Amino acid sequence: MIFAYSTNAFVKFSIFESFEKIAALGFRGVEIMGDRPHLYPPDFQGSEMTRVKETLEKHNLKLTNINSFTLYAVGDMYLPSWIEPDKERRDIRIRHTADCLKAAAKLDCKNISIPPGGPLNNLSRKDAMSLFHQGMEQVIPLAEELGVKILVEPEPDLLMENTAEFKSFIKDVKSPAVGLNFDIGHFFCAGEDPSAAFEELFEWVGHIHIEDIAENRSHNHLIAGHGAIQFPDILKTIARMDYQEDISLELYPYVDTPEAAGRESLDYLRPIFEEAGLNII
């Protein structure tokens, strides 16, 4: 199991500088932000994609996930979304997801993570879910063809926030190419026990995000050890369930101090990983 660090904490640096800094901290994996200023697929064609692959190899970094959540290149953190009333806007999200699937295949990455649609605004939940399924149906065949999984990531205030909402969605998906990016902090924000949620959703988990969250459960990613998440409990559950995929540290609020935040989190979490019996590289 590889413990990675997401480049979305390094937006003040190029993707290549991010790789160098993440490797220097001692991480053996990296999650790439699939958006500007990092790997926005239209900006990375031919030789640039080759350079990404060669730089990962140079620093001995495994690419654990392409984080295809934000779309700052043409919008913001959430928009364009899967569930906007305007079809042209939805199509932008669909094309971005397809482009990220292709990028993942070229970089030998077995999954991308995507937002669950939203915010809802004035759209009914039923209509929003219908639009989300319609959008997913346009990218699932490509994911199946490429052998790259699409991992939906529940998030506070979006179409899917919690265990029940994800299970309601996944029961209508017939493809094994769709799974779950389990963000520990997000389930805590939703008022759940991350350990119980992980166990209930385990069969769909293809990748994990880890960060801390304050006791008031507000959605703000914190350095591990600065919040209220009981990491020994959730990590022991992950080990007990025999999870075999990877984990990425996601600390995008720390753009001014990404190295210090990553180092402190790594130092805090490493002994907890070991105590839980997780073989983290």
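In the block above lies the structure referred to throughout.
Residues numbered from 1 in each chain as written. Predicted model: local features only at pLDDT ≥ 70, side-chain atom pairs only at ≥ 80, totals over all residues. Heavy atoms only, no water.

Caption draft 1: Summary view of the nonpolar core. Core analysis: the biggest nonpolar cluster contains 87 residues, and Tyr5, Phe132, Met136, Phe169, Phe182, Ile210 and Leu235 have the highest contact counts within it. Looking at which element gives the most residues to this core, the answer is helix α4 (residues 125-146), with nine residues. (Core = buried A, V, L, I, M, F, W, Y, C linked by side-chain atoms within 4.5 Å. Buried < 20%, exposed > 50% of the residue type's maximum accessible area, 1.4 Å probe, protein only. Helix = DSSP H or I, 4+ residues; strand = E, 2+ residues; numbered from the N terminus.)

Caption draft 2: Layout of the side chain of serine 18. Inspection of the secondary structure assignment puts serine 18 in helix α1 (residues 15-25). Classification of serine 18 by relative accessible area gives buried; the value is 0%. Contacts of serine 18, omitting those with residues within four sequence positions, involve Thr7, Phe10, Phe13 and His38. (Contact = heavy atoms within 4.5 Å.)

Caption draft 3: The arrangement of the sheet that holds strand β1 (residues 3-6) in detail. Reading around the circumference, β1-β2-β3-β4-β5-β6-β7-β8 is the order of the eight strands in this closed barrel, with parallel pairing throughout. The average angle at which neighbouring strand axes cross in this sheet is 30°, direction not considered. Sheet topology places strand β4 (residues 111-114) next to strand β5 (residues 149-152); four bridges connect them, and they run parallel. Bridge pairing in β5 places asparagine 111 opposite lysine 149. Across the sheet, helix α5 (residues 163-170) lies against β5 and β6 (178-183), angled at about 170° from β6, the strand it touches most. (Pairing = 2+ DSSP bridges. Axes fitted to C-alpha atoms, helices over the stretch in contact; angles between N-to-C directions.)

Caption draft 4: Focus on the pairing of strand β7 (residues 205-210). Of all six residues that make up β7, six are buried, and the element is covered over most of its length. Two elements, β6 and β7, share four bridges in a ladder whose sense is parallel. The residue of β7 that forms the bridge with asparagine 181 is histidine 207. As paired elements, β7 and strand β8 (residues 247-249) share three bridges and run parallel to each other. Of the residues in β8, the one forming a bridge with histidine 209 is serine 248.

Caption draft 5: Geometry of helix α3 (residues 87-106). The terminal C-alpha atoms of α3, which comprises 20 residues, lie 29 Å apart, in line with the 28 Å expected from a rise of 1.5 Å per residue. All of the buried residues along α3 are Arg90, Asp91, Arg93, Ile94, His96, Thr97, Ala98, Cys100, Leu101, Ala103 and Ala104. If you follow the buried residues of α3, they end up packed against α2 (47-58), β3 (62-67), β4, α4 and β5. Here α3 starts with a cap whose side-chain oxygen sits 2.9 Å from the backbone nitrogen of glutamate 88, and that cap is aspartate 86. Immediately downstream of α3, the backbone of aspartate 108 shows phi near 60°, a positive value. (Expected span 1.5 Å × (residues − 1). Polar contact = N/O pair within 3.5 Å; in protein donor to acceptor, adjacent residues only side chain to side chain.)

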